[in-house]
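Coordinate inspection notes
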Amino acid sequence: MKKTYGLIGYPVKHSLSPAMHNAAFKAMEMDAEYKLFEVRPENLKDFFSYFREGLSGINITIPHKETSIKYVDALELVAKSIHAINTVSVNGDKLIGHNTDVGGFVKALKEDLKFKPASKRAIVFGAGGAARAVGFGLYFDDIKEIILIDIDTKKAAFLANELKEDGCNAIAVENNQHAIRELVLNSDLLVNATPCGMKENDPELMPSEFLHENLVVFDLIYSPRETRLIKEAKRKNIKAINGLGMLLYQGALSFEIWTKQRAPIEVMKKAIS
Ligand code: NAP
């Protein structure tokens, strides 16, 4: 019988995940499909009842990554630590929550950006769901210090506290250009985990003159492929990557959790390139 997987979120229309997973199923000659499910927050509980009746696995995106936790039966270790899930698998009659955003981010960081977090300092813009995966991913990989900056300083402080409670050296600072200049200067990695840069007329994340030659840049945005931040970094010969690698690797990890088979990574990459 055909297996059905999918992505839930609100909205989900422009997702690249169906192209990526359907290409993988086809390449592996699996009788399976991957669909989009636009689920409003008030319908989340009903969706999980529907899921239990016949779906084989799902991915989860904004705004359901945290609220879905209460509808699964168990959490794997990473998901438990970071209090957010982006993947659900089925084990008998149980639903298991996973977080592959963390592994996806770390793999892109190490393989595509060639950055090793141990004894380094990172500055992360954003304190939402993506920054949560970034923060914990960096911490699990032995980063020395994480500096979090969000428009909403309280949100950054909240995430910094959660990381600190787990033993990570994390601080939140105000989104103030004077302070940011010094912090960027003393950092090895800059991550953009905000949507700033998705629209052509978005303001600069920070003045590009702060970018320096000892920094590498990871912009989680993949649409457009080159944000203003990435363009400025490249203009200064600074190594910079977009979010396509993270998207690919988190998808490949989800595929492997669901199917227990190695993901056809090149096929998946081609489908989203
Ligand atoms: P989110 O939950 O909305 O969090 C973004 C946070 O950044 C919000 O707290 C927002 O504050 C803050 N922010 C916005 N502009 C800012 C700025 N200029 N300076 C500092 N903080 C700012 O979004 P998310 O789910 O974390 O996603 C963030 C980005 O990562 C999106 O562009 C998304 O597409 C990308 N992403 C990529 C992948 C991937 O696989 N590559 C995976 C997940 C997410 P306000 O709410 O006050 O605006």
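The structure under discussion appears in the preceding block.
Heads up: these notes are all about the structure in this document. (Residues numbered from 1 in each chain as written. Predicted model: local features only at pLDDT ≥ 70, side-chain atom pairs only at ≥ 80, totals over all residues. Heavy atoms only, no water.)

Every one of the 22 residues lining the ligand counts as a neighbour, but Ala 130, Asp 150, Lys 155, Leu 220 and Gly 243 are closest to it. Between an oxygen atom of the ligand and a main-chain N or O atom of Gly 129, the distance comes to 3.2 Å. Here a nitrogen atom of the ligand and a backbone polar atom of Ile 151 are 3.2 Å apart. Protein burial of the ligand: of its 910 Å² of free accessible surface, 76% is covered by the chains. Looking at the shell around the ligand, the elements with two or more residues in it are α5 (129–140) and α9 (244–259). (Near = heavy atom within 4 Å. Polar contact = N/O pair within 3.5 Å; in protein donor to acceptor, adjacent residues only side chain to side chain. Areas by Shrake-Rupley, 256 points an atom, 1.4 Å probe, with all protein chains shown as cover. Helix = DSSP H or I, 4+ residues; strand = E, 2+ residues; numbered from the N terminus.)

With respect to the helices and strands, Lys 45 occurs in helix α2 (residues 44–52). Here the alpha-carbon distance between Lys 45 and Tyr 71, two residues 26 residues apart in the chain, equals 7.1 Å.

All right, on to the pattern of salt bridges then. This structure, assessed with the given rule, holds ten salt bridges. The salt bridge partner of Asp 93 is Lys 94, with a shortest N-O separation of 3.7 Å. Among the residues examined, Asp 93 registers a relative accessible area of 61% and is labelled exposed. Looking at Lys 94, the relative accessible area reads 42%, which means it is partly exposed. For Arg 132, the salt bridge is made with Glu 162, and the minimal N-O distance between the two is 2.8 Å. With Arg 132 in helix α5 and Glu 162 in helix α6 (residues 153–165), this pair connects stretches of sequence that are 30 residues apart. With respect to burial, Arg 132 and Glu 162 carry one shared label: buried. (Salt bridge = Lys/Arg side-chain N within 4 Å of Asp/Glu carboxyl O. Buried < 20%, exposed > 50% of the residue type's maximum accessible area, 1.4 Å probe, protein only.)

Two elements in contact, α9 and helix α10 (residues 265–272), have axes whose closest approach is 10 Å; the angle formed by their N-to-C orientations is 135°. When the axes of α9 and α10 are compared, the pair comes out oblique. The handedness of the crossing between α9 and α10 is right-handed. Mapping the contact onto sequence places Leu 244, Leu 247, Leu 248, Tyr 249, Gly 251, Ala 252 and Phe 255 in α9 and Ile 265, Met 268, Lys 269 and Ile 272 in α10. A class-by-class count of the residues in the contact of α9 with α10 yields nine nonpolar, one polar and one charged. (Axes fitted to C-alpha atoms, helices over the stretch in contact; angles between N-to-C directions. Parallel < 35°, antiparallel > 145°, perpendicular 65-115°, else oblique. Left-handed = near helix turned anticlockwise from the far one by under 90°. Contact = heavy atoms within 4.5 Å. Nonpolar A, V, L, I, M, F, W, Y, C, P; charged D, E, K, R; others polar.)

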